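One-letter residues, chain by chain:
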Amino acid sequence: MTTKDLTFSVRPLDPLKDAELLHGWVTHPKSAFWMMQDARLEDVERAYMEIAADEHHHAFLGLHEGRPAFLMEKYDPAHRELAGLYEPEPGDVGMHFLVAPTDTPVHGFTRAVITAVMAFLFEDQATRRVVVEPDVRNTAVHALNAAVGFVPEREIRKPEKQALLSFCTREQFTKAVAA
């Protein structure tokens, strides 16, 4: 199987039904940059109930061949995460993603996931640019972001981390994944 053969779908996250699954993902040692290592199940439920109630932040469960494989969050950076830290433009959409930890990794899987996430975000014609703010120490995600067209702009200080503010336009994404 190649990563080109992978089939993904996305559905809205159900904070109560999906909390136990997510708890295992976000507290896993490989998910340290998600910053929920010490979260209890109730903390995960509460965090995703808050997102579900927020008109500017949405969570989705990504499926690979019908099975849960990744978490994706979409947010309005003018109102969440980056509010006041940069000058948002019309059509900006913020994004976070987390691939489920596994003991049997598939080469190229995470890159296929971020490609699917970006394609999902750009399905909305109102999305002109995707904005991310990963921890500056997360070199693995910086490489993945570059592979799908993100261009770093600058480091910014967030309350919980030093972040690398990066942007990817529809055109940059299309060019990157065609290469």
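Scroll up for the structure.
Colleague: Could you give an account of the sheet that holds strand 4 (residues 92-99), with specific residues and numbers?
Modeller: Judged by pairing direction, the sheet is mixed, and its seven strands sit side by side in the order 1-2-3-4-5-7-6 without closing on themselves. Here the strands that pair on one side only, and so sit at the sheet edges, are strand 1 (8-12) and strand 6 (151-158). The mean inter-strand angle of the sheet, taken between neighbouring strand axes irrespective of direction, is 30 degrees. Strands strand 6 and strand 7 (161-169) of the sheet are contacted by helix 5 (residues 170-178), whose axis makes an angle of about 85 degrees with strand 7.

Colleague: I'd like a description of the layout of surface pockets, backed by residues and values.
Modeller: Its boundaries defined by the atoms lining it, the largest pocket holds a volume of some 1300 Å³. Taken together, 48 residues line the largest pocket, and the ones lying closest to its centre are Ser31, Trp34, Phe97, Leu98 and Val99. Those elements that place two or more of their residues in the lining of the largest pocket are helix 2 (41-52), strand 2 (57-64), strand 3 (67-75), strand 4, helix 3 (109-123) and helix 4 (139-147). Its residues placed into classes, the lining of the largest pocket shows 25 nonpolar, 11 polar and 12 charged.

Colleague: Describe the packing of aromatic side chains, listing the residues and the values that go with them.
Modeller: The full count for this structure, using the stated rule, is five aromatic pairs. The interplanar angle of 50 degrees and the centroid separation of 5.5 Å between the aromatic rings of Tyr86 and Phe167 together place this pair among those described as tilted. Taken together, the residues span a long stretch of sequence, with Tyr86 in the loop between strand 3 and strand 4 and Phe167 in strand 7 at a distance of 81 residues. Each member of the pair, Tyr86 as well as Phe167, is classed as buried. Taken together, the aromatic side chains of Phe8, Phe70 and Phe109 make up a single cluster linked through ring pairs.

Colleague: I'd love a proper account of the pattern of salt bridges, names of residues and values included.
Modeller: A full pass over the atoms with the stated rule returns 14 salt bridges. Between Asp18 and Arg11 there is a salt bridge whose closest N-O contact spans 3.0 Å. A relative accessible area of 7% places Asp18 in the buried class. Taking relative accessible area as the criterion, Arg11 reaches 30% and is therefore assigned partly exposed. A salt bridge links Lys158 to Glu133; the nearest nitrogen and oxygen atoms lie 3.1 Å apart. Placement of the pair is Lys158 in strand 6 and Glu133 in the loop between strand 5 (129-132) and helix 4, with a sequence separation of 25 residues. The buried category is assigned to Glu133, whose relative accessible area is 2%. What emerges from the salt-bridge pattern is a single network uniting Glu81, Glu133, Lys158, Glu160 and Lys161.

Here is what the cut-offs are and how they apply
- Residues numbered from 1 in each chain as written.
- Predicted model: local features only at pLDDT ≥ 70, side-chain atom pairs only at ≥ 80, totals over all residues.
- Heavy atoms only, no water.
- Pairing = 2+ DSSP bridges.
- Helix = DSSP H or I, 4+ residues; strand = E, 2+ residues; numbered from the N terminus.
- Axes fitted to C-alpha atoms, helices over the stretch in contact; angles between N-to-C directions.
- Contact = heavy atoms within 4.5 Å.
- 1 Å grid on protein atoms, 1.4 Å probe; cavity = no way out; pocket = protein on both sides within 12 Å on 5 of 7 lines; lining within 4 Å.
- Points joined across faces, edges and corners; volume = space filled by probe spheres on them.
- Nonpolar A, V, L, I, M, F, W, Y, C, P; charged D, E, K, R; others polar.
- Phe/Tyr/Trp six-rings, centres within 6.5 Å; stacked < 30°, edge-to-face > 60°.
- Buried < 20%, exposed > 50% of the residue type's maximum accessible area, 1.4 Å probe, protein only.
- Salt bridge = Lys/Arg side-chain N within 4 Å of Asp/Glu carboxyl O.

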